[in-house]
Structure formats: C-alpha cells, structure tokens
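Coordinate inspection notes
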Amino acid sequence: MSLIETARNVRENAYAPYSNFKVGAAVKGASGIVYAGCNVENVAYPEGTCAEAGAIAAMIAAGDTRITEVAVIADCPKPVSPCGGCRQKIAEFADGDVVVTLATTGGVVQATTVAALLPDGFDAAHMRNA
C-alpha cells in the first residue's frame, strides 16, 4: 500500500465533528515501516491534534526516529499543506530533501520537500550556544 493510500484509509477515522474537515497523514520511518495519523478535534479549540502530529507520534512510539517520506490527504479542491506547527514537527525528524506528497481525495497530487515547506527552518543548530 502506498503512503497516499495509507493516509486516505486512516483519514476515514478522523474525529472532526466541528469542522468536518478530515485529514489523513502517513510517514515512512527509516526502518521502512509506515505510520499513520488522522486529525482529532476537540470542542476546546485548539486542543485538537493534527494528522501529521499523530503519524509522527506513532512513529516515535514505535522506536523509529527519522522520516524518509510523508503523505497528507484531505477532501478539498487543491492539496492541503501541513500547518506551520506540523511543518516544524516534520522538520525535526526529516532531512530537507525528504519528499512530502500532498493530495486530495479527488486525485490531485502535488509533491514538495520538507525544505520547501519550511525554508530557513529553526533546527538544532540554532541551539548550540544555549
């Protein structure tokens, strides 16, 4: 199963009773294992969890620490990009050249990279003098 198919499948499990905007994400760890996540809303905004954060949490919980590929899917006219917080979360565990595939449930697909999503991102090198 491809990353997009995994993200598409887990998207159906999203808990989005307030926005009705279901998102699915999948990340491939360095081990080759694919981890999935979906958004989970909460009536007390902003206490929900993004799909990308859920997939990353599943990866870390399983013991993988590096992302080698990402996919995100939602039901919208054009591919949805991860929010700023999720871009930072992805960048924590992925190199800049890691491919991020953004897709719609209607079949529109766009490929980008972590570096393109988060140019001049904040990383561990910024903390060296701390």
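Relevant structure appears above.
Residues numbered from 1 in each chain as written. Predicted model: local features only at pLDDT ≥ 70, side-chain atom pairs only at ≥ 80, totals over all residues. Heavy atoms only, no water.

**Regarding the overall build of the chain**
Scanning the chain from N- to C-terminus turns up four helices and five strands. Along the chain direction, N to C, the helices and strands of the chain fall in the order α-β-β-α-β-α-β-β-α. Expressed as lengths along the three principal axes of its C-alpha atoms, the size of the chain is roughly 45 × 35 × 30 Å. A buried classification covers 36% of the 130 residues belonging to the chain. By sequence separation, contacts in the chain at least 24 residues apart represent 59% of the contacts at least 6 residues apart. Accessible surface, the chain: about 7,000 Å² in total, of which carbon and sulfur atoms supply 54%. (Helix = DSSP H or I, 4+ residues; strand = E, 2+ residues; numbered from the N terminus. Buried < 20%, exposed > 50% of the residue type's maximum accessible area, 1.4 Å probe, protein only. Contact = heavy atoms within 4.5 Å. Areas by Shrake-Rupley, 256 points an atom, 1.4 Å probe, with all protein chains shown as cover.)

**Structural notes on unusual backbone geometry**
That bond from Tyr-45 to Pro-46 is cis: its omega, 5 degrees, falls within 30 degrees of zero. The backbone of Asp-120 shows a phi angle near 55 degrees, a positive value even though the residue is not glycine.

**Comments concerning the pattern of salt bridges**
Counted by the stated rule, this structure contains three salt bridges. Between Arg-11 and Glu-12 there is a salt bridge, with its nearest N and O atoms 3.1 Å apart. Here Glu-69 and Lys-28 are joined by a salt bridge, their closest N and O atoms 3.8 Å apart. With a gap of 41 residues between them, Glu-69 in strand β3 (residues 67–74) and Lys-28 in strand β1 (residues 23–29) connect regions that are remote in the sequence. Here Glu-69 falls in the partly exposed class, since its relative accessible area comes to 27%. (Salt bridge = Lys/Arg side-chain N within 4 Å of Asp/Glu carboxyl O.)

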